[in-house]
Amino acid sequence: MSAPETGVGTRATPWLCDPYSRALADGHGPLYLRRTDGWMLPLEVERWCGATDVADESVLERSEGDVLDVGCGPGRMVLTLTSRGHRALGVDTNPVAVARVVEAGGRAVRASVFAPLPEEGRWHTALLIDGNIGIGGTPSALLSRMRELVRPRGLLIVETAGRDVHEYVTVQVTDGRGEPGAPFTWARLGLPALRSYAEDTGWRWSDSWRTRGRWFAALRAPCRPR
């Protein structure tokens, strides 16, 4: 595996000041996104670090061809897709996440989704799972960027919040014990808000479904790139 594929060496040292990196290295929480008003959203580290489940399977069954998993975390989707014969690549900014994917035999790059990525415009399917529609805190910019990554008529599968929510927040990752991570902007969308953003950015709404309390939508890119 080449350096551009892995993005890091064979093992990354967790950021000792970063609770997300520590949780990934340990494989468990507790871990939360904390808003400035003190509200905390539990993050499912154990599920992310485990095997794919029934809800994940509903995404895997719909995935087509070569798959790009944006915000792949420790890589359960990438690894399962690879085992089933897909060409799959994970993208994540966290070195511990990327190292876990690579050590388990998957492909991942350490990069922002807004940075140059391999094979832009040629992916058959892209994934924004586990709340990753929130990346960057600006869903319209993220969905526009995803249009650049998939091929014409490519598929984007998005996991949304389980209720009709539409918010932009500043959050920090915290384990509830030590120092939290640095603040960053995040977005949370339910299906209605996602549908509005999808239409505004040129995606065609294809399907939506609920499995085991998790909500998903499938969007289809137009026939011609912008």
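**Examining the overall build of the protein**
- Counting its regular elements, the protein contains eight helices and 11 strands.
- On C-alpha atoms alone, the protein measures out to a radius of gyration of 17 Å, which is about the 17 Å that the 2.2 N^0.38 rule sets for 226 residues.
- Based on the C-alpha atoms only, the size of the protein along its principal axes is roughly 50 × 45 × 30 Å.
- Within the protein, the fraction of its 226 residues that count as buried is 52%.

**Brief notes about the sheet that holds strand β1 (residues 32-35)**
- Pairing in this open sheet of four strands is antiparallel, and the strands run β2-β1-β8-β9 from one edge to the other. The open sheet terminates on both sides in strands that have one partner only, identified here as β2 (40-42) and β9 (184-189). For this sheet, the mean angle separating the axes of adjacent strands, direction not counted, is 40 degrees.
- Of the pairings in the sheet, the one linking β1 to β2 comprises three bridges and is antiparallel in character. Bridge assignment links Arg 34 to a residue of β2, and that residue is Met 40.

**Brief notes about the confidence of the model for the protein**
- Of the residues in the protein, 92% reach a pLDDT of 70 or more, and the chain-wide mean stands at 90.
- A low-confidence stretch, residues 1-17 (pLDDT under 50), is modelled with 36 contacts involving residues beyond four sequence positions or located in other chains.

Rules used in this analysis
Per chain, residues are indexed from 1 in the order of the written sequence. With pLDDT at 70 or above as the cut-off, local features in this predicted model cover only qualifying residues; side-chain atom pairs require 80 or more to be listed or tallied, and sums for whole chains, interfaces and linings still use all residues. Based on all heavy atoms of the structure, the side-chain values leave hydrogens and waters out of the count. In this text, helices come from DSSP runs of H or I with a minimum length of four residues, and strands from runs of E with a minimum of two, each type numbered from the N-terminal end. Our radius of gyration is a C-alpha quantity, and the globule rule it is checked against amounts to 2.2 Å times the number of residues to the power 0.38. To sort residues, take the accessible area from a 1.4 Å probe on protein chains only and compare it with the maximum for the residue type: under 20% means buried, over 50% means exposed, and anything in between is partly exposed. Paired strands, as defined in this entry, are two strands with at least two bridges between them according to DSSP. Comment: axis = line fitted to C-alpha atoms, over the contacting stretch for helices; angle = value between 0 and 180 degrees taken between N-to-C directions. pLDDT gives the predictor's per-residue confidence on a scale running from 0 to 100. Here, residues are in contact when the closest pair of their heavy atoms is within 4.5 Å.

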